[in-house]
Amino acid sequence: MAANYENITLTITDLDRIKLPKFQRGFVWTAAKKNDFVETLHKGFPFGALLVYPESQEADSKLVLLDGQQRLSTIQQYKNDPLKFWKPLNHDDYKNALASVNEILTDDNKIDEKTFDELVDGKRDLADWADEAADRKEDRKAIRDLIKELRAKVADYVDLKSLKILAIKFIGSRDSIADVFANLNKGGIPLSKYEIYSAAWVNTEISLLSKSDSEKQDEILGYVKGYYSEMESSAEFELNDFSEDELSRTRTITLSEFGHALGAFVGTRLEALVSSTTNAQKEIGFGLLGIITGVDNRQLGQLSGKTNEIGSNLQPILDRTDRICNDLQTTFAKLLSRMMAGKKDEYASGLTASFKTLSYFAALWALEQDSDDYKATLHNIPAYYVYDFWAGNWTSHGDQRLFGYYPNSRTRNYLTPLTRTQMMDAYAQWAADTTPSINFPKEVKALTTIHANLSYLSQTVPYGESFELEHIIAKKLINEAEDQNNRKLFAGSLGNCMYLPKKLNNKKKEKNLYEFDESGKYDGLIEESLYPTKDEFAKIADWLAEHTFSEINSLIVMRGNHVAGSIVDHLAKE
């Protein structure tokens, strides 16, 4: 196969051929990073290649800069103002030169750094200034010699005339630019694929409706502005050529910016399944664009060719996304809400994965909301949410599995209800890997939350009482009984986890509900939560004292099976 690129070498005079993309909202190096780069140029070290794309097929075509803007702009800035960079990199030499000049001058004529800089960089005529600053001819000559010597040091620090700037001229398809970025960044600290899209899709345009014509499109624009505001606060980068007023006026964003904003749009509506982190929302936003356009998640670089399709269907896309988000949030908020004292809207996300969540959008996207298939899919998804975790269905090759749910694929769906046998078999497969531990992993916390919301927390919580997720066999008692460096108990497993009254746990860490409850207040909670019996707690106390850990593990395993069975009974088909 013929190469889709050429290696070219540019000189400082060739930089006029470089054309910056239309969209230049991006992050620029801080002064410290620019100085580091100039030091690299000074030492003659290699500094990587630019990536350019010819604007036309003509030999002298302008070259659109795709990657390397920070390096190129720093070279240009150094060319225009070398003292700005030389001064902090050679601070002692600079200070010594200024001090030497001031030693010659009288107290009335001594100069500050601003005046000295103007003399060194030629903004002020050196001969005229020296004639006025010093009376003696030999002093004027000494001052001129000192400043000319410093000028020479600055001018020689980087030999711009001999500078060779390596560039890769990509001559393949524009749709492949994101893949080119990915390959270039496999070494060192790689860019995420979403950073790659931001760089590769700078020339894409999506026009939003006028202000107030669409609340959802106004919201999208707000997320774009918010994204840049948040990133601008980073200490490592500064935002380049970004004007919120200009963005408000043009209401034109890039495809990459829309992907970011769409993820935030989903995140605010589907908090039960989508994390508030930027990376998680990017996964959802770009993944959803793949579903909408039929582009495989493994080939999202091809989305740039779908810009017009996305832009022309923007409002229907947002309307349908909003509808599915609301339906999924209603479904999963009931299932995953954590009852935590003093905290609201927190969800147990231990079974959640981005591709898994995207599969729900994919399965619902092409279905009409009032159709039987839509209703059946939405009804069955919670059971699959648990089952797929137990079966390990999303632990590897999630992007490949996701494509099966795409509307243009439909090799997978959530239309068929799961049976109790299917779900319990999957649970047995997962539970077989239980190992001794004391802390609850996120998956156990999530399953416990699901069980609680389907049973005891939905029915028998005493009015006004706060609950927290805790060990049934108190952690304090377990730590006293076993060697903490050689755990034997399944204390961190599903069978030993539930939501218990905060008041009890804060004051009676070593006691169980029977010891604390003298009035029968928690009888309903004990029954609905599958809490161990009084006799079982008595046996547990003896077994802890005797270090008969296998018997305790048997009880924990048994309750875990009952909890799983309760979850399945609420979610699966009989």
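What you see is a predicted model, and the numbers here were worked out from it, not measured in a lab. (Residues numbered from 1 in each chain as written. Predicted model: local features only at pLDDT ≥ 70, side-chain atom pairs only at ≥ 80, totals over all residues. Heavy atoms only, no water.)

(A) Quick peek at the nonpolar core. Phe258, Leu328, Phe332, Val386 and Trp390 are the most contacted members of the largest nonpolar core, which totals 96 residues. Considering each element in turn, this core owes the most residues, 11 residues, to helix 17 (residues 372-391). Grouped together as the second largest cluster of nonpolar side chains are 44 residues, Leu41, Leu72, Leu98 and Leu126 included. (Core = buried A, V, L, I, M, F, W, Y, C linked by side-chain atoms within 4.5 Å. Buried < 20%, exposed > 50% of the residue type's maximum accessible area, 1.4 Å probe, protein only. Helix = DSSP H or I, 4+ residues; strand = E, 2+ residues; numbered from the N terminus.)

(B) Molecular detail of the pattern of salt bridges. Enumeration over the complete set of coordinates arrives at 23 salt bridges. Arg269 is the partner of Asp322 in a salt bridge, and the nearest nitrogen-oxygen pair spans 2.6 Å. With a gap of 53 residues between them, Asp322 in helix 15 (residues 314-336) and Arg269 in helix 12 (residues 255-269) connect regions that are remote in the sequence. With a relative accessible area of 17%, Asp322 lands in the buried category. Looking at Arg269, the relative accessible area reads 16%, which means it is buried. Here Asp388 and Arg401 are joined by a salt bridge, their closest N and O atoms 4.0 Å apart. (Salt bridge = Lys/Arg side-chain N within 4 Å of Asp/Glu carboxyl O.)

(C) Structural view of the packing of aromatic side chains. The final tally for this structure, using the stated rule, is 23 aromatic pairs. When the ring of Tyr197 is compared with that of Trp201, the centres are 4.5 Å apart and the planes differ by 5°; the resulting orientation is stacked. By relative accessible area, which is 6% here, Tyr197 ends up buried. By relative accessible area, Trp201 is classed as buried at 3%. Seen in terms of ring centroids, Phe403 and Tyr406 are 4.9 Å apart; in terms of plane orientation they differ by 50°. Their pairing is tilted. Three or more aromatic residues link up through ring pairs in this structure, and these residues are Phe332, Tyr360, Tyr384, Tyr385, Tyr387, Trp394, Tyr405 and Tyr414. Lys356 extends its terminal NZ or CZ atom over the ring of Tyr385, reaching a point 4.2 Å from the ring centre. Seen from the ring of Trp394, Arg401 lies directly overhead, with NZ or CZ sitting 5.2 Å from the centre. (Phe/Tyr/Trp six-rings, centres within 6.5 Å; stacked < 30°, edge-to-face > 60°. Lys NZ or Arg CZ within 6 Å of the ring centre and 35° of its normal.)

(D) Up close: the pairing of strand 5 (residues 63-67). Counting buried residues along strand 5, four of its five residues qualify, which places the element largely inside the surrounding structure. Judged from the two bridges that link them, strand 2 (residues 18-19) and strand 5 form a sheet pairing that is parallel. Bridge pairing in strand 5 places Ile18 opposite Leu63. (Pairing = 2+ DSSP bridges.)

(E) Geometry of the sheet that holds strand 2. Strand order in this open sheet of five strands is 1-6-4-5-2, and the pairing throughout is mixed. Strand pairing shows two members of the sheet lacking a second neighbour, strand 1 (5-10) and strand 2, which therefore form its edges. Taken together, the six bridges between strand 1 and strand 6 (residues 165-170) define a ladder with antiparallel strand orientation. Along strand 6, the bridge assignment pairs Tyr5 with Phe170.

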